[in-house]
Amino acid sequence: MKPLATLLKRTLQLLLMLVLTLAAPSLYVETMCRGSGTPTPSTPLSAEARPEIRTLLTYPEWHIVHAYDDYATLIDAGDPHDFGYIRAIGGYWSSLCTLTRAAADLGEIDGGTRQLVHVIGVSFTVEMLMKGLYEETIGRVATIARGPAHSPLDDLSAQQAARYAAFLQQVPWYQYDFRADAAALDAAATEALRDRERSLALGLEHRARASYADVIAQAVAATGFDDLTLQMVVTGLTPDQIEATTGVTILREIPGGGVEVETPRYRVLTGILAEWADQGATIRDMAGNDQILFTALSDTADFDDALASLPRQGYGDTRHLFLVPVPDLAEALRSLADRGLTLEHVHDY
C-alpha cells in the first residue's frame, strides 16, 4: 500500500503544481495590474450604450485570433515547431495586464468580462502548451524523418490553418467545421510517415475541438448570441454615402448635427470605419462611448503613444495598440500611412 500511497501523493502534488502554474498569470493580473485612473463622465449621443472598458477587453480574444493567423503564416513555409508557443502565451497575459491597468480610466471591469478573459486565457495557455509540447517532440521527429520538403498534409494543414484564421475574423470559432478538416486530412493522407502522423495528430485535435465547440454552441444558444450590430453617430457624410455602405442603416438625425446609424460589428466594421475616414467622416459617438482601441501594424518596434507593441510571428513586423478619443478616430486612421502604420482592427464594444 505504501508505494500506491506515495504515487497518489506525488500525483496530487503534480496536479496542484499544474493548477498553480495555470492560475499564476490570472493571479498576477488581478493583483499586480491595477490602474489608478478615474473614469471621466460623458453624455452618450447614441441611443445604445455599452460599457466602455469592452473596447480594451475585446483585445485578448483577438490576440488569440492573431496567434492563429501568425501560426498559419509561419507554417506555410516552415513547420509547427518553429512557432513560439510560449511567446504567444506571454503576449496574451502581458497585453491583458496592460489593458487591465488602462481600463481604470474607462470604468469598472464587470465580473462577467473579468471571468471571460481569464477563462479563455487559461484555455489558450493549455492549448498552446499541449500543442507546443507535441510539436517540439513527436512532431519535430516526424519532420526530421520527412526531410526538408513539406509533405502533402503539411501543405493541406497550412491551408486549413489559414482558412481557420480568416474564418475567425468575423465568425465565432465554435461555428467552424473542424470535422470537415479532419476528414479532409484522412482523405488526402499518403503512406508517408509524416502524412500518417499529421492525419492522426491533427485529426485528434480537430475532433476534440469539434466536440468542445458543440458544448460551447449549446451554451451560447441557451444564454443568447452576442449583438452583431453597433450604433454610432457620424458627421461629415451625406445620406447617400452612408446608404451606399453595405449593411449600414440610418436611424435618425441627432440634434446639433450628425446622423445615428447602425452598422455591422467585428472585421466588417473596421473596413467601414476606414472607408468613412477616407471620405472625411468624423465619428462623434460610438455605442455611447468616447474612447476606442484600434490596432495597427508597422516595421517600427514601438511608438510612444501606443499602449503596447507586440512583435508578430511569421510576418517580421509589430502590432501596436492605440487608445484614442472616438471623435479623433477618423483623423487617427487618416494619418496612419504618414506614420508608417497600417490599420489592422478597430475594437468595438
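Residues numbered from 1 in each chain as written. Predicted model: local features only at pLDDT ≥ 70, side-chain atom pairs only at ≥ 80, totals over all residues. Heavy atoms only, no water.

1. Some points on the overall build of the protein
A count of helical and extended segments in the protein gives 11 helices and eight strands. Taking 2.2 N^0.38 as the reference for a compact globule, 349 residues should give roughly 20 Å; the C-alpha atoms of the protein span a radius of gyration of 23 Å, in line with that estimate. Along the three orthogonal principal directions, the C-alpha set of the protein runs to about 75 × 50 × 45 Å. By the burial criterion, 46% of the 349 residues in the protein qualify as buried. In the protein, once contacts between residues fewer than 6 apart in sequence are set aside, the share between residues at least 24 apart is 78%. By element, 61% of the accessible surface of the protein is carried by carbon and sulfur atoms, the whole surface being about 17200 Å². A distance of 10 Å separates the average location of the 27 positive side-chain charges in the protein from that of its 46 negative side-chain charges. (Helix = DSSP H or I, 4+ residues; strand = E, 2+ residues; numbered from the N terminus. Rg over C-alpha atoms; globule rule 2.2 N^0.38 Å. Buried < 20%, exposed > 50% of the residue type's maximum accessible area, 1.4 Å probe, protein only. Contact = heavy atoms within 4.5 Å. Areas by Shrake-Rupley, 256 points an atom, 1.4 Å probe, with all protein chains shown as cover. Lys, Arg positive; Asp, Glu negative; His and termini not counted. Charge placed at Lys NZ, Arg CZ, Asp CG, Glu CD.)

2. Side note on the packing of helix α5 (residues 111–146) against helix α8 (residues 193–223)
At their nearest, the axes of α5 and α8 sit 9 Å apart, and the two run at 165 degrees to each other. Comparing their axes, α8 and α5 come out roughly antiparallel. Taken as a pair, α5 and α8 cross one another with a handedness that is left-handed. For the pair formed by α5 and α8, the contact residues are E127, K131, Y134, E135, G139, A142, T143, A145 and R146 on the first element and L193, R194, E197, R198, A201, L202, E205 and R209 on the second. (Axes fitted to C-alpha atoms, helices over the stretch in contact; angles between N-to-C directions. Parallel < 35°, antiparallel > 145°, perpendicular 65-115°, else oblique. Left-handed = near helix turned anticlockwise from the far one by under 90°.)

3. Looking at the sheet that holds strand β1 (residues 229–235)
If you trace the four strands from one edge of the open sheet to the other, you get β2-β3-β1-β4, paired in antiparallel fashion. Pairing within the sheet leaves two strands with one partner each, and these edge strands are β2 (249–253) and β4 (282–286). Adjacent strand axes in the sheet meet at a mean angle of 35 degrees, parallel and antiparallel pairs treated alike. Alignment of β1 against strand β3 (residues 259–264), held across six bridges, turns out to be antiparallel. The partner of V233 across the bridge, within β3, is E260. (Pairing = 2+ DSSP bridges.)

4. Quick look at the pattern of salt bridges
Should the charged atoms of two oppositely charged side chains come close, the side chains can pair. Tallying each qualifying case throughout the model produces 24 salt bridges. With a shortest N-O distance of 4.0 Å, E135 and K131 are connected by a salt bridge. Here E135 and its partner K131 are both found in helix α5, four residues apart, which amounts to about one turn of the helix. K131 shares its class with E135; the two are buried. Measuring nitrogen to oxygen at the nearest pair gives 3.5 Å for the salt bridge that ties E205 to R209. Placement of the pair is E205 and R209 together in helix α8, with a separation of four residues, close to one helical turn. Put simply, D79, E127, K131, E135, R146, D154, R194, E197, R198, E205 and R209 are held in one network by salt bridges that share partners. (Salt bridge = Lys/Arg side-chain N within 4 Å of Asp/Glu carboxyl O.)

5. Regarding empty space enclosed by the protein
All told, the structure shown has four cavities of 30 Å³ or more when counted by the stated rule. Here the largest cavity is characterised by a volume of approximately 240 Å³. Lining the largest cavity are 21 residues, with Y71, A161, E205, H206 and R209 positioned closest to its centre. Looking at the lining of the largest cavity, the elements that each hand over two or more residues are α3 (59–77), α5, α6 (152–167), α7 (178–188) and α8. (1 Å grid on protein atoms, 1.4 Å probe; cavity = no way out; pocket = protein on both sides within 12 Å on 5 of 7 lines; lining within 4 Å. Points joined across faces, edges and corners; volume = space filled by probe spheres on them.)

Such coordinate-based values are descriptive only and should not be taken to indicate function.
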